[in-house]
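Okay, here's what each chain looks like letter by letter:
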Amino acid sequence: MSPSDVFVYSGLGSNENGCFHLLNSLKTHLDPDIYKVDLISAEDIIEGSKLTSAALLTFGSGYTTGFVNVLGAKGMQNLRDFVLGGGSYLGLGAGGYFGCDYIEFDKNGPLEKMAERELRFYPGIGRGPVYPGFQYGSNKGLHAANITFSTGNFTATFSSMIGGGGAFYPSDPPKLGSLVTSWTKIAIYTDITDQPTAIVKMEVGSGCAVLSGVHLEYDMLRECQSDPSLHHLQPSFTSSRLTQRAAMKAILQLLGLIVR
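Here the structure is a predicted model, which means the values were calculated and not measured.

Calculation rules
Residues numbered from 1 in each chain as written. Predicted model: local features only at pLDDT ≥ 70, side-chain atom pairs only at ≥ 80, totals over all residues. Heavy atoms only, no water. UniProt positions renumbered as here; feature names shortened; annotations may be inferred. Helix = DSSP H or I, 4+ residues; strand = E, 2+ residues; numbered from the N terminus. Contact = heavy atoms within 4.5 Å. Salt bridge = Lys/Arg side-chain N within 4 Å of Asp/Glu carboxyl O. Buried < 20%, exposed > 50% of the residue type's maximum accessible area, 1.4 Å probe, protein only.

## Description of the UniProt feature "domain: Biotin-protein ligase N-terminal" (unreviewed entry) in the protein chain
Move 1: According to UniProt, the positions carrying the feature "domain: Biotin-protein ligase N-terminal" (unreviewed entry) are residues 5–259.
Move 2: Note that residues 5–259 is 29% helix and 32% strand, and that its end C-alpha atoms are spaced 14 Å apart.

Okay, structure coming up:
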């Protein structure tokens, strides 16, 4: 029997609103006759038995230090082994940084975080924030990032939400011991100098991972309607809504899942 559980991490380091949007997006796009979408805790990941039925593990918005502190070496090794053994990982925002070999966040700024990370799904650096003004716990630093997205079956340029998300820069040479067999650029930031990578897909052992600096999972019309500080972004998100949803479905297909 094929793995049928899809999990959204919820716990230290995660963002409650981010979990809400990620759960809803996965439930909207995945075939409900095949997959059960639910939350998973750090304790579940460390214990490990739930991973045997999982097709996909997802980490969304938040902060990676929380992920690292609560999962510890055992939890991160279980996540890594899950993907190496054939599972899929989707990291968006903080979850994207979490999958990189290294993080460079707000270098020389008040929120600076320079660290190695141990999942090592991307052989390089997650560097950000790409856009200015990010503040933890606030929507004031949110932007409508212009990205060009391309997979084998779908290509589009559209706006997607970004807060403190990063861009992906490969290491040359890769960190020793990397088990990434190949990686592919899926999207670029088209309104940033040098158009850095916004979304990347890796083959890791027998599994795969997609890391994203932007949040394709968020229903930004809902956010704009509930927060007056975001009203100026509503036209961008309105015009891009259907394209953003199509891109999210394309990513899930890249990760080997069956969509509606």
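Once the structure has been displayed, the description carries forward.
## Observations regarding the environment of Ser25
Move 1: In this fold, Ser25 is placed in helix α1 (residues 16–29).
Move 2: As for Ser25 and Ala250, which are separated by 225 residues in sequence, their C-alpha atoms are 13 Å apart.
Move 3: Those residues in contact with Ser25 that lie beyond four places of it in its chain are Glu217 and Met248.

## Concerning the pattern of salt bridges
Move 1: Tallied over the entire structure, the rule returns 5 salt bridges.
Move 2: The partner of Lys50 in a salt bridge is Asp44, and the shortest N-O contact between them spans 3.2 Å.
Move 3: Note on Asp44: relative accessible area 21%, which makes it partly exposed.
Move 4: Ionic pairing is found between Arg127 and Glu104, a salt bridge with its closest N-O pair at 2.8 Å. Separated by 23 residues along the polypeptide, Arg127 in strand β7 (residues 122–128) and Glu104 in strand β5 (residues 100–105) bring together distant segments of the chain.
Move 5: Relative accessible area serves as the criterion here: at 17%, Glu104 is assigned to the buried category.

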